[in-house]
Structure formats: C-alpha cells, structure tokens
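Close look at the chain arrangement
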Amino acid sequence: MGILMRTSIILIFTQIIISSSMLSASDQDECFDLNSSVEKWIEALIEEDWAEDWISYLKEEDEDEIWYFIQTTEAFFETEEEVMEYAQFQSMSLESDFVEWLDEKISALDKELAVDFVRTDERSDSDFIIAVHDGTNPDNYVNLTMTGYVSETADGEEYVLVMNWNLDDDSFLTTFYHELGHVLGLEHPFASDDDDCIGSTEEYGDETAHKGLTLMAYQDPPDDWPYPDFYTENDLLALKRIFEFLE
Ligand SMILES: [Zn+2]
C-alpha cells in the first residue's frame, strides 16, 4: 500500500501530547509483571466498562453484528476528545482503494472474533464511524496532531474513530488497530485507573509493555522484534474474551 504519505512530524507531537501521566514510580510496583499469565494480560487489556457496553448492547439487540460507516466524503466533525477535551476537524474524501484496504483490515479481525463487522452506507445506522483528517483544522486545536483517537461527537449522538492521514504506512496500520481496539473495549497496558496495568504505568520505556506484546501500547518494540502488522496474541485473547458470549 503506497497511498499513505510519509512524515514523522505527527508522531513527535503525539509523544509530547500523550505523556500526561501523573503517576509516580511506586505505582509501577502494582502492575502485573510482563511475564504474567495470559489471564493477567486479558484482565489488564480489557476496559470492563467499555466491554460491558458492547456486551449489553449486543445482548439487548439480540445481535452479533457491529456496523461501521466509513466517512468517504468531506464532512465537518465536532468531537469530545478525552485527553484534550475537544476537537473539530474536516474529514478527507477517501479513494475507493483505501476504503477497500480499511475493509480488509477489519475483515482480518472479523475472522478471529465471534462478532461480525458489517459496513453500512447509512451513517445513522452505524455503531461507529471511521473518519480520516489530514491534520489541518479550522480552529487550530493542537490535538489534531494526535495519530488517532476515539471519541463521541460533541452532540453525543455518534462514536468516531479518527485517524490522522500524516502517518507512515506501518504506524497508520498499528494506530488504526490500536484505535479499533479502544472502540471494542481494550485499554492501554499502562492504564492503572482500574487497578490492572501490566509492565509499568509509564507510556514509554524499557519496563513498559511494547507494541510487540500488545498493540494497545505506545512503546515501539525492541529493534530485534518484528514490527507488528496485526493484533498480538494477547490482544486477540482479550478481544475474544469480550465477544465469547456470542459463540
Ligand atoms: Zn490509545
């Protein structure tokens, strides 16, 4: 896939913006060890509240499908973004081979899980929207330098997975899967607000979980580790756990 532009500027900004953890070193002691059992990994990676939202929704609707809409035309979005509170952006118009690429990436996950992902052409029918912006922003909000994020729209009506176009191919893919992981109920391995971090509460460093262990990490894998192009075993086990009630 050569259609994504290559620049490293966005990644540098993101590393500054997301380093907002206020936790002290002693908190690291409370994290599960990186060599922990699969059960600990699953516990650390699932955000119970987000996962429970899907489980109760699908059970209520008696559904085994999650519907997504890809915003392929320019549209104005106002979102409530958790870290920076607010962002507005103009989505890019997307070429059909890129849309196909997104479908393929989602379908690769679909094959692993009991839940089915279905693309709808009706935005109002979708459970979540995928939108891509090019980093420009009418109000110059700094969080548009983030690689990607997941948010409700400002009116609370819709749920959007927002991607920044200005990533190289590898990080576009891992960021997309990272954000999709959030959509489906996964959290960062270093997140300790629900008392189940793994590795370390640090977002970057030698002690913290890296992307070779979970795509929900920020830290790149060590040099001798292949750069991931799909969810890791840990990620897949956690995602399977969330949707196993559909089996
Ligand atoms: Zn994240």
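Looking at the overall build of the protein chain
When helices and strands are counted, the protein chain shows six helices and seven strands. Helices and strands in the protein chain line up, N terminus first, as α-α-α-β-β-β-α-β-β-β-β-α-α. Here the protein chain, with 247 residues, has 36% of them falling under the buried criterion. The long-range fraction of contacts in the protein chain, counting pairs at least 24 apart against all pairs at least 6 apart in sequence, stands at 70%.

Description of the nonpolar core
One finds Leu 45, Leu 161, Leu 186, Ala 238, Leu 239 and Ile 242 to be the most contacted residues of the largest nonpolar core, which totals 46 residues. Aside from chain neighbours lying at most four places away, what touches Leu 186 is Leu 45, Ile 46, Glu 47, Gly 181, Met 216, Asp 235, Ala 238 and Leu 239.

Quick word on the packing of helix H2 (residues 38-45) against helix H6 (residues 233-243)
Viewed as axis vectors pointing N to C, H2 and H6 meet at an angle of 70 degrees, and their least axial separation amounts to 9 Å. Considering their axes alone, H2 and H6 lie roughly perpendicular with respect to each other. Here H2 runs over H6; the crossing is right-handed. Seen from H2, the contacting residues are Val 38, Trp 41, Ile 42 and Leu 45; seen from H6, they are Asn 234, Asp 235, Leu 237, Ala 238 and Arg 241. Residue classes in the contact of H2 with H6 are distributed as six nonpolar, one polar and two charged.

A word on the environment of Glu 203
Turning to its location among the elements, Glu 203 is positioned in the loop between helix H5 (169-184) and H6. Taking the C-beta count within 10 Å as the criterion, Glu 203 has 19 such neighbours and is therefore assigned partly exposed. For the pair formed by Glu 203 and Ala 217, sequence separation is 14 residues and the distance between their alpha carbons is 7.4 Å.

Concerning the environment of Trp 67
Among the secondary structure elements, Trp 67 is positioned in strand S1 (residues 65-70). Distance in space between the C-alpha atoms of Trp 67 and Asp 125 is 7.4 Å, their sequence separation being 58 residues.

Some details on the pairing of strand S3 (residues 87-90)
Side chains of S3 alternate between two faces, with Ala 87 and Phe 89 buried and Gln 88 and Gln 90 left unburied. In this structure, strand S2 (residues 76-80) lies alongside S3, joined through four bridges in antiparallel fashion. By the bridge assignment, Phe 76 is partnered in S3 with Gln 90.

Quick look at the sheet that holds strand S5 (residues 128-133)
Reading across from one edge, S3-S2-S6-S7-S5-S1-S4 is the order of the seven strands in this open sheet, with mixed pairing throughout. Every other strand in the sheet has two partners, leaving S3 and strand S4 (116-119) as the edge strands with one partner each. On average, each strand axis in the sheet is inclined to that of its neighbour by 40 degrees, with strand direction left out of account. For strand S6 (residues 148-153) and strand S7 (residues 159-164), the ladder comprises five bridges, and the chain directions are antiparallel. Bridge pairing in S7 places Ser 151 opposite Val 160. Contacts from helix H4 (residues 96-110) reach S1, S4 and S5 within the one sheet, and its direction differs from that of S4 by about 160 degrees. Sitting on the sheet, H5 touches S5, S6 and S7, and the angle it makes with S6 is about 35 degrees.

With respect to the pairing of S1
Bridge analysis of S1 against S4 gives four bridges, and the strand direction is parallel. In the strand pairing of S4, Ile 66 is matched with Phe 117. Note: S1 against S5, three bridges, orientation parallel. Counterpart to Phe 69 in the pairing with S5 is Ile 129.

Comments concerning the confidence of the model for the protein chain
Residues of the protein chain with pLDDT of at least 70 account for 83%, and the chain-wide mean is 87. Here residues 1-28 is a poorly scored stretch, pLDDT under 50, and it has 43 contacts once near neighbours within four places are set aside; other chains count.

Observations concerning the environment of Asp 116
Assignment of secondary structure puts Asp 116 in strand S4. Overall, Asp 116 belongs to the partly exposed group, with 14 C-beta atoms counted inside 10 Å. Sequence separation between Asp 116 and Asp 64 is 52 residues; the distance between their C-alpha atoms is 6.1 Å.

About the criteria used
Residues numbered from 1 in each chain as written. Predicted model: local features only at pLDDT ≥ 70, side-chain atom pairs only at ≥ 80, totals over all residues. Helix = DSSP H or I, 4+ residues; strand = E, 2+ residues; numbered from the N terminus. Buried ≥ 20, exposed ≤ 12 C-beta atoms within 10 Å, placed from the backbone. Contact = placed C-beta atoms within 7 Å. Core = buried A, V, L, I, M, F, W, Y, C linked by C-beta atoms within 7 Å. Axes fitted to C-alpha atoms, helices over the stretch in contact; angles between N-to-C directions. Parallel < 35°, antiparallel > 145°, perpendicular 65-115°, else oblique. Left-handed = near helix turned anticlockwise from the far one by under 90°. Nonpolar A, V, L, I, M, F, W, Y, C, P; charged D, E, K, R; others polar. Pairing = 2+ DSSP bridges. pLDDT = per-residue confidence, 0-100.

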